[in-house]
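# Reading the structure
Each chain is listed here by its residues.
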Amino acid sequence: MGREQSLKLSVSVSSGSGTGTLTNSWDLVRWLRVVPIAESDSFDLTIKDGDGHIMLSRTGQVGTLSEQIEMSLGIMKTVAIANATQDGTYTVKLDMH
């Protein structure tokens, strides 16, 4: 099954973009949630590995992104928010079970 934990990463968005860096550990993320400032906000999301290669990309997301995934926290390195319609702190939640 793996570790039961929900990790939070705050991403500061200014002028429509911001990037957060993850601390790597060999755990499996099974659920990804990205919470914007308001549910009417839209944004793009890109998750990259340590080499800067894209692992996941979503564009034109409106409101909270909630998606079941299977990705290794040992490989994921950065979470970038771009083209956001509102600046502030976005919350990324990585649920492991």
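The structure under discussion appears in the preceding block.
A few words now on the overall build of the protein chain. Within the protein chain, the regular secondary structure consists of zero helices and eight strands. Counting helices and strands in the order they occur from the N terminus, the protein chain gives β-β-β-β-β-β-β-β. Its C-alpha atoms give the protein chain a radius of gyration of 13 Å, near enough to 13 Å, the size a compact globule of 97 residues would have. Its C-alpha atoms give the protein chain principal-axis dimensions of about 35 × 25 × 20 Å. Considering only contacts within the protein chain whose residues lie at least 6 apart along the sequence, 76% involve residues at least 24 apart. Put simply, the protein chain shows about 5200 Å² of open surface, and 46% of that area lies on carbon and sulfur atoms.

The topology assignment puts serine 72 in strand E6 (residues 65–72). Apart from the residues lying within four places of it in its own chain, the contact partners of serine 72 are Trp26, Asp27 and Leu28.

Our focus in this paragraph is the side chain of aspartate 95. Its place among the elements puts aspartate 95 in strand E8 (residues 88–96). Overall, aspartate 95 belongs to the buried group, its relative accessible area being 9%. A distance of 2.5 Å separates the side chain of aspartate 95 from the side chain of serine 6, its partner in a polar contact. A distance of 3.0 Å separates the side chain of aspartate 95 from the side chain of arginine 33, its partner in a polar contact. Excluding residues that lie within four positions of it along the chain, aspartate 95 makes contacts with Gln5, Ser6, Leu28, Val29, Arg30, Trp31 and Arg33.

Within a beta sheet, neighbouring strands are joined by backbone hydrogen bonds and run either parallel or antiparallel to one another. Overall, antiparallel pairing links the four strands, which are arranged E2-E7-E4-E5 in an open sheet. Unpaired on one side and paired on the other, strand E2 (18–21) and strand E5 (54–62) mark the two borders of the sheet. Geometrically, the sheet is characterised by an average inter-axis angle of 15° between neighbouring strands, direction not taken into account.

Judged by pairing direction, the sheet is antiparallel, and its four strands sit side by side in the order E1-E8-E3-E6 without closing on themselves. Since the sheet does not close on itself, it has two edges, and those belong to strand E1 (5–13) and E6, each with one partner. Neighbour-to-neighbour, the strand axes of this sheet turn through a mean angle of 25°, independent of strand direction.

Tallied over the full model, the rule gives one aromatic pair. Centre to centre, the rings of phenylalanine 43 and tyrosine 90 are 5.6 Å apart; their planes meet at 75°, and the pair counts as edge-to-face. Here phenylalanine 43 is found in strand E4 (residues 42–49), whereas its partner tyrosine 90 is found in strand E8, with 47 residues between them in sequence.

Analysis parameters
Residues numbered from 1 in each chain as written. Predicted model: local features only at pLDDT ≥ 70, side-chain atom pairs only at ≥ 80, totals over all residues. Heavy atoms only, no water. Helix = DSSP H or I, 4+ residues; strand = E, 2+ residues; numbered from the N terminus. Rg over C-alpha atoms; globule rule 2.2 N^0.38 Å. Contact = heavy atoms within 4.5 Å. Areas by Shrake-Rupley, 256 points an atom, 1.4 Å probe, with all protein chains shown as cover. Buried < 20%, exposed > 50% of the residue type's maximum accessible area, 1.4 Å probe, protein only. Polar contact = N/O pair within 3.5 Å; in protein donor to acceptor, adjacent residues only side chain to side chain. Pairing = 2+ DSSP bridges. Axes fitted to C-alpha atoms, helices over the stretch in contact; angles between N-to-C directions. Phe/Tyr/Trp six-rings, centres within 6.5 Å; stacked < 30°, edge-to-face > 60°.

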